[in-house]
Amino acid sequence: MANDTIRFFGLGLGPGNPDYMTVRARRILESTDRLVHFCKRGRRGNARTIADAIVGQNPDREIALVYPVTTEIPADHPDYAAALNPFYEEAAARLLAEIEAGRTVAVLCEGDPFFYGSFMHLWWRLKDKVPTEVVPAVSGMSGAWTRAGAPITWGDDVLTVVPGTLPESELMRRLSGTDAAVVMKLGRNLPKVRAALKSAGLLERAIYVERATMAEEKIIALPELPEDFDAPYFSLIIVPGQGRRV
């Protein structure tokens, strides 16, 4: 949607390689007043790193939203929500002040903004207060199965996307009833995910993908991955379907 009154953007930048960024995203990236990115303390966010190929560093444009916690506390622990809720409230108020001052604000998102994205917590708080546009993007999982050369669904295959943060029993239940799968949010959940895939009979088809489309990309058949492998949070596993082919 092209609208000069839009002041707040959720900007999907794609899976990592800036060549996969949309024309719309690039135009907004180059023109918006404030570039917002989530990050760990002392580090730049992944989305901001993707944008480096298009826009250089400019302190006057930058707003870094530093997470109070990331993986130190399990997401289902009460302390996690207790830390994140005020963080998102304060971040939304900060961005609203920028918008009310007449500036345009773009929240940079790796992958698609509406797919497991932190941006959604800001969107939910601001969407009814300011004109908003969400710019869709190539998702990380799409980049992963494309780079792996693994068509994910054939014919009538059903695709299931699950976060690796689920309990092992729930992962196995979800995976046992699907034709194809993507498991997000690996990190320290990898051993649990591997066990669930084995129980579901999908281990031999599973492919581990890390930093898809980027220079540091890794694509390895999951059975060949060492048991003690240290997977980063932004990695995933794909299980291609085996459906109808003609």
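See the structure shown above.
Residues numbered from 1 in each chain as written. Predicted model: local features only at pLDDT ≥ 70, side-chain atom pairs only at ≥ 80, totals over all residues. Heavy atoms only, no water.

A. Fine view of the environment of tryptophan 124. Turning to its location among the elements, tryptophan 124 is positioned in helix 4 (residues 119–126). Classification of tryptophan 124 as exposed rests on a relative accessible area of 58%. As a C-alpha pair, tryptophan 124 and alanine 92 span 32 residues in sequence and 9.5 Å in three-dimensional space. (Helix = DSSP H or I, 4+ residues; strand = E, 2+ residues; numbered from the N terminus. Buried < 20%, exposed > 50% of the residue type's maximum accessible area, 1.4 Å probe, protein only.)

B. The packing of helix 6 (residues 168–176) against helix 7 (residues 190–199), seen in detail. Interhelical geometry of helix 6 versus helix 7 gives an angle of 40° and a closest axis separation of 8 Å. Taken together, the axes of helix 6 and helix 7 are oblique relative to one another. As for the relative orientation of helix 6 and helix 7, their crossing is right-handed in sense. Note on element contacts: helix 7 touches helix 6 through Lys192, Val193, Ala195, Ala196, Leu197 and Ser199, opposite Glu168, Leu171, Met172 and Leu175. For the contact of helix 6 with helix 7, a count of residues per class yields seven nonpolar, one polar and two charged. (Axes fitted to C-alpha atoms, helices over the stretch in contact; angles between N-to-C directions. Parallel < 35°, antiparallel > 145°, perpendicular 65-115°, else oblique. Left-handed = near helix turned anticlockwise from the far one by under 90°. Contact = heavy atoms within 4.5 Å. Nonpolar A, V, L, I, M, F, W, Y, C, P; charged D, E, K, R; others polar.)

C. Structural view of unusual backbone geometry. Despite not being glycine, tyrosine 116 shows a phi value in the positive range, around 55°. On the secondary structure map, tyrosine 116 appears in the loop between strand 4 (105–109) and helix 4. Using a relative accessible area of 37% as the deciding quantity, one classes tyrosine 116 as partly exposed. One non-glycine residue, arginine 211, lies in positive phi territory at about 50°. By secondary structure assignment, the location of arginine 211 is in the loop between strand 8 (207–210) and strand 9 (218–221).

D. Quick peek at helix 5 (residues 140–147). Looking at helix 5, one finds that the buried residues are Met141, Gly143, Ala144 and Trp145. Buried residues belonging to helix 5 abut strand 6 (159–163), strand 7 (180–184), strand 8 and strand 10 (235–239). Backbone geometry just after helix 5 places glycine 149 at a positive phi near 65°.

E. Structural detail: the pattern of salt bridges. In this structure the tally under the stated criterion is 15 salt bridges. As a salt-bridge pair, lysine 127 and aspartate 128 come within 3.2 Å of each other at their nearest N and O atoms. Take lysine 127: its relative accessible area is 30%, and that puts it in the partly exposed class. The salt bridge involving glutamate 227 is made with arginine 194; its shortest N-O contact spans 3.7 Å. On the criterion of sequence distance, the pair formed by glutamate 227 in the loop between strand 9 and strand 10 and arginine 194 in helix 7 is long-range, its members being 33 residues apart. The network of salt bridges with common partners includes Arg44, Arg48, Asp52 and Glu62. (Salt bridge = Lys/Arg side-chain N within 4 Å of Asp/Glu carboxyl O.)

F. Examining the pairing of strand 10 more closely. In terms of burial, strand 10 is a largely internal element, five of the five residues being buried. Neither face of strand 10 is left uncovered, since the one carrying Ser235, Ile237 and Val239 and the one carrying Leu236 and Ile238 both have all their residues buried. One ladder, built from three bridges, connects strand 7 with strand 10; its direction is antiparallel. From the neighbouring strand, alanine 181 faces strand 10, where its bridge partner is valine 239. The pairing of strand 8 with strand 10 spans four bridges and is antiparallel. Residue pairing for strand 10: tyrosine 208 is matched across the bridge by isoleucine 237. (Pairing = 2+ DSSP bridges.)

G. The packing of aromatic side chains, seen in detail. For the structure shown, the criterion picks out eleven aromatic pairs. Plain terms: the ring middles of phenylalanine 38 and tyrosine 67 are 5.3 Å apart, the flat faces sit at 15° to each other, and that makes the pair stacked. Of this pair, phenylalanine 38 sits in strand 2 (residues 34–39) while tyrosine 67 sits in the loop between strand 3 (62–66) and helix 3 (78–100); the two residues are 29 residues apart in sequence, bridging distant segments of the chain. In terms of burial, phenylalanine 38 and tyrosine 67 fall into one category: buried. An angle of 90° between the planes, with centres 5.4 Å apart, marks the rings of tyrosine 233 and phenylalanine 234 as edge-to-face. (Phe/Tyr/Trp six-rings, centres within 6.5 Å; stacked < 30°, edge-to-face > 60°.)

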